[in-house]
Amino acid sequence: MGFRCGIVGLPNVGKSTLFNALVGAGAAQVGNYPFCTVDPNTGLAPVPDAALAQVARLAGSARVVPSVLEVVDIAGLVAGASRGEGLGNRFLGHVREADALLHLVRCFEDEQVAHSSGPVDPLHDIALVETELLLADLESLERQREGAVKRARGGDREEAARLAAIEPALALVGDGKPARALDLPDPAARAALAALNLLTTKPVLYVGNVDEASAAAGNAMSEAVAAHAAAAGAEQVVVSAAIEAEIAALDEAERAEFLEALGLAAPGLDRVIEAGHRLLGLIRFLTATETEARAWPIADGSTALDAAGRIHTDFARGFICAETIAADELIALGGEQAARSAGRMRQEGRAYVVRDGDVMLFRFNV
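Residues numbered from 1 in each chain as written. Predicted model: local features only at pLDDT ≥ 70, side-chain atom pairs only at ≥ 80, totals over all residues. Heavy atoms only, no water.

**Some thoughts on the nonpolar core**
1) Next: Counting residues in hydrophobic clusters, the biggest one holds 51 residues, and the most contacted among them are Ile-7, Leu-18, Leu-22, Leu-102 and Leu-205.
2) Next: Setting aside chain neighbours within four positions, we find Leu-22 in contact with Ile-7, Leu-44, Ala-45, Pro-46, Val-71, Leu-269 and Ile-273.
3) Next: Counting 19 residues, the second-largest nonpolar core is a separate cluster that includes Ala-148, Leu-170, Ala-179 and Leu-198. (Core = buried A, V, L, I, M, F, W, Y, C linked by side-chain atoms within 4.5 Å. Buried < 20%, exposed > 50% of the residue type's maximum accessible area, 1.4 Å probe, protein only. Contact = heavy atoms within 4.5 Å.)

What follows is the structure in structure tokens.
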């Protein structure tokens, strides 16, 4: 699976500002006009991980490598994108390449920042974006169904499985509902649905972009976005992209002082990245030696053998066992030696299902 999150939304909602804060100030051009971003900007956002830092300290690691998310700043969408309006076809192509979507919604008033569709109305803006994605999927499904019907009638079993995914997806999308809401009991149909790479199957995190005064508690507009997200079974995070860009440019001491002045316990970006991690169905396991402490992203439900292969194919090929302990327990005990003395390091086999925050040492022989 991929780890790529695309930032989507209307023009001038703060996508490039948020992107710069996530991956490093100045990475993307910011401008108060539509289509300031044409070609997508791509960068890596480190996943906040306090446990990794503590595990690294206990191991005396010379280097700390956090897990990262690949983030893509995609050009703003306008009404008619599914018909090629604005940067329509390019926009939809870039959305198709993402594994999950961070849907940034403007939740602030500012006469100095133009709004592409009249008065600021978060729910209207969400509906506009989601309608264009639905229309694009509808066209794609209708086109694919035509060919699949002919081949399925000819006895093609693979096409019959595709058709078993296409037809219920087409009915759902035609009813104005995203394809991610489709519950297919047949594994072959589920796999066929995933292979269609529909825009509305991608998981979504709604990010309400508020003004500075609302950064800590949100406002009425961000509450409306939260209610929409809850009804859709999605998560929502409130940030002030402008403030996050300022925070990202500060050193650690200045950052703590600035956050305290704003009444924030942590940067909003931490919540965005953590929610993005969950959105992609990811957990992370840790490894720590004197050379390096590292967080490894892996799909939730992965086994110890999968985790070994994530590091190196030799680890999986010659897998013997994984010596494992939860990071919180390792930190509480004071490090690996103390954990061994207390008999808390477990030997797990290849079928062990990795838990988020496991610290793992792989034994292998090739």
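**Thoughts on the packing of aromatic side chains**
1) Next: Counted by the stated rule, this structure contains five aromatic pairs.
2) Next: Aromatic pair Phe-285 and Trp-296: ring centres 6.2 Å apart, planes at 10°, arrangement stacked. Of the two residues, Phe-285 is situated in strand 8 (residues 282-288) and Trp-296 in strand 9 (residues 292-299); the sequence distance between them amounts to 11 residues. Residue Phe-285 shares its accessibility class with Trp-296, and that shared class is buried.
3) Next: Relative to Phe-364, the ring of Phe-315 has its centre 4.3 Å away and its plane inclined at 25°; by these criteria the two rings are stacked. With Phe-315 in helix 12 (residues 313-317) and Phe-364 in strand 12 (residues 358-364), this pair connects stretches of sequence that are 49 residues apart.
4) Next: By the ring-pair criterion, three or more aromatic residues cluster together here, those being Phe-285, Trp-296, Phe-315, Phe-319, Phe-362 and Phe-364. (Phe/Tyr/Trp six-rings, centres within 6.5 Å; stacked < 30°, edge-to-face > 60°. Helix = DSSP H or I, 4+ residues; strand = E, 2+ residues; numbered from the N terminus.)

**A few points about the sheet that holds strand 1 (residues 4-8)**
1) Next: Strand order across the open sheet formed by six strands is 2-4-1-5-6-7, with mixed pairing between neighbours. Edge strands, defined here as strands with exactly one partner in the open sheet, are strand 2 (41-46) and strand 7 (235-239). Mean inter-strand twist for the sheet, computed between neighbouring axes without regard to direction, equals 25°.
2) Next: Strand contacts of helix 10 (residues 268-279): strand 1, strand 2, strand 4 (68-73), strand 5 (100-106), strand 6 (204-209) and strand 7, with the helix running at about 160° to strand 7, the strand carrying the most contacts. (Pairing = 2+ DSSP bridges. Axes fitted to C-alpha atoms, helices over the stretch in contact; angles between N-to-C directions.)

**Quick word on helix 11 (residues 304-311)**
1) Next: Among the residues of helix 11, Ala-304, Ala-307 and Ala-308 are the ones counted as buried. Seen from one end, helix 11 has its buried residues packed into an arc of 100°, which puts them on one side.
2) Next: On the buried face of helix 11, the contacting elements are strand 8, strand 9, helix 12, strand 10 (319-326) and strand 12. (Arc of directions from axis to C-beta.)

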